[in-house]
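Observations on the model geometry
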Amino acid sequence: MKSWGVLIIGLVLGLAAGLVYTWGISPPEYYDTYPPLLDKTYRSDWIKMTALAYSAEGNWNRTQLRLQDLPEAEIRPIVAETLEQAVTAGRPIAILQRLAELGAFYGVDTPAVHIYTGEVAVVPTPAAPSAPSPTPLTVAPTATPNPPTAIPSPRPTLTAISPISTPQPLTAFYIVSQTFTCEAQPHITVSLLLSHTITVRRREQVETLPLPGREIWLLWEDGADRAITGFKPEIGLGFADFAVEPGHVYRLYIDIPQGVPISTIQVEPCTVEEREGWVSRLLLLMTQEP
Amino acid sequence: MKRLLFFSVGVALGIGLALLIGWELLPVQRANSSPAMLRRDYQEEYIRLIAAAYQVDGDLALAQQRLAALQPYAFTVPLVEVTERWIQQGKSDAILIPLAQLTHALGVSTPPMQPYLQRGQP
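Figured I'd write up the structure that's included with this text. (Residues numbered from 1 in each chain as written. Chains lettered and ligands numbered in written order. Predicted model: local features only at pLDDT ≥ 70, side-chain atom pairs only at ≥ 80, totals over all residues.)

Turning to the overall build of chain A, a few remarks are in order. In terms of regular secondary structure, chain A is built from six helices and nine strands. Counting only residues that meet the buried cut, chain A has 34% of its 290 residues in that class. Considering only residue pairs separated by 6 or more positions, chain A has 66% of its internal contacts joining residues 24 or more positions apart. (Helix = DSSP H or I, 4+ residues; strand = E, 2+ residues; numbered from the N terminus. Buried ≥ 20, exposed ≤ 12 C-beta atoms within 10 Å, placed from the backbone. Contact = placed C-beta atoms within 7 Å.)

Next comes the structure, spelled out in structure tokens:
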């Protein structure tokens with residue numbers, strides 16, 4: 001072998017050995033690093049704190065800077081988890097809305113995000129099977145708009161933050177079933193369902209889906225109460241619950257407390273055979289997709 | 001003898017080239033640093049995030065643990081230092097009140113922080 005061949009063999013061996021050492025055995029230690037180079041545990045914590053900070057401060061630009069260069073695939077589950085924890089902990093609605101807004105931006109697709117960004121998974125248009133038809137109304141948003149955030153900045157196209165502020169189309173609901181129980185503290189629970197037809201292998205099948213983010217109103221002689229379906233995702237996305245008192249006549253409305261009520265309910269005592277208490281009821285209300 | 005010399009020169013050149021590539025030109029970047037190795041401005045941001053997160057979750061033990069990742073012993077020192085420096089620089093209440101409240105919750109309270117603690121009271 002000629003001398004230059006020996007030189008090249010030495011060069012290759014030296015290069016290989018050197019790269020094993022510099023990349024594997026003794027890589028450079030970095031100081032003055034930035035968040036993407038943090039250890040996975042710390043990186044996750046950084047993302048979680050950023051989400052919480054955004055929920056408290058509402059500073060979108062700063063949040064984007066804090067999350068710069070961090071992979072979206074890593075951000076997504078952490079923001080989703082942070083939102084779930086905040087929902088479970090009963091944090092204020094403004095915090096939940098901001099967390100949901102952040103989640104929506106990073107493509108988090110969970111029921112909580114849909115609820116708190118004001119998106120409704122399925123928005124049916126008016127249809128009237130066998131229901132009392134609501135009187136024609138001019139639909140007005142029922143909530144005041146959110147105040148602008150501190151720093152206006154270009155944002156992705158997000159839906160309205162507040163689930164309350166999203167005007168829903170008038171939809172005809174009808175009572176599918178009522179379940180009665182006898183309880184010391186009576187309540188009225190409402191479950192909203194959407195019936196729609198899907199085609200599977202050329203066969204039509206009817207499917208029912210829960211309807212989150214809808215306003216349920218309960219009006220009585222001198223008062224009113226309102227609930228939004230889906231605020232307790234662990235129970236069901238279409239559920240809303242009211243504590244009621246004997247001696248009142250309650251009128252049940254969906255979306256807008258005007259016109260003909262879906263039902264008129266009076267809290268009655270349990271019958272003699274049952275134990276003492278008041279009748280609570282669970283109403284299943286259905287609407288159909290046109 | 002001549003071949004051995006060429007071989008040694010080749011190995012030396014190869015190692016030199018590898019050091020240049022591995023440490024300077026294409027260093028491996030491992031995501032394994034701790035908050036203490038962050039650049040100074042990111043460390044300050046980390047402290048601010050700890051205070052903001054504490055405002056929401058109220059978890060003092062977790063805030064303490066996070067601060068200890070910056071400085072295991074005397075973990076309140078960077079927090080107090082940043083808070084007082086930012087007070088001097090006249091940063092906004094929105095930044096300083098959470099910092100002052102976290103510092104206070106950790107049992108440290110300095111005179112410059114008092115106005116922010118008062119303003120932060122509901």
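With that out of the way, let us pick up the overall build of chain B. Secondary structure summary: chain B contains six helices and zero strands in total. When the helices and strands of chain B are read in sequence order from the N terminus, they spell out α-α-α-α-α-α. Counting all 122 residues of chain B, 33% fall into the buried class. Counting only contacts in chain B whose residues sit at least 6 apart along the sequence, the fraction spanning at least 24 positions is 47%.

Another aspect to go through is the nonpolar core. Judged by nonpolar contacts, the single largest core of 55 residues is most densely connected at A:Val79, A:Leu83, A:Leu99, B:Ile50 and B:Ala53. Mapped by element, the contributors of at least two residues to this core are helix 2 (40–57), helix 4 (72–88), helix 5 (93–105) and helix 6 (111–117) of chain A together with helix 2 (40–57), helix 3 (60–70), helix 4 (76–89) and helix 5 (93–105) of chain B. Leave out the neighbours within four places in its chain, and B:Ala53 touches A:Met49, A:Leu52 and A:Ala53. With 20 residues, the next largest nonpolar core counts A:Tyr253, A:Ile254, A:Ile262 and A:Leu285 among its residues. (Core = buried A, V, L, I, M, F, W, Y, C linked by C-beta atoms within 7 Å.)

Looking now at the interface of chain B and chain A. Counting residues at the interface gives 42 residues for chain B, matched by 42 residues for chain A. When residues of the side of chain B that touches chain A are traced back to their parent elements, those giving at least two are helix 1 (2–25), helix 2 and helix 3 of chain B. If you tally residues by element for the side of chain B that touches chain A, the top one is helix 1 of chain B, at 18 residues. When the residues that make up the side of chain B that touches chain A are grouped by side-chain class, the tally is 26 nonpolar, nine polar and seven charged. (Nonpolar A, V, L, I, M, F, W, Y, C, P; charged D, E, K, R; others polar.)

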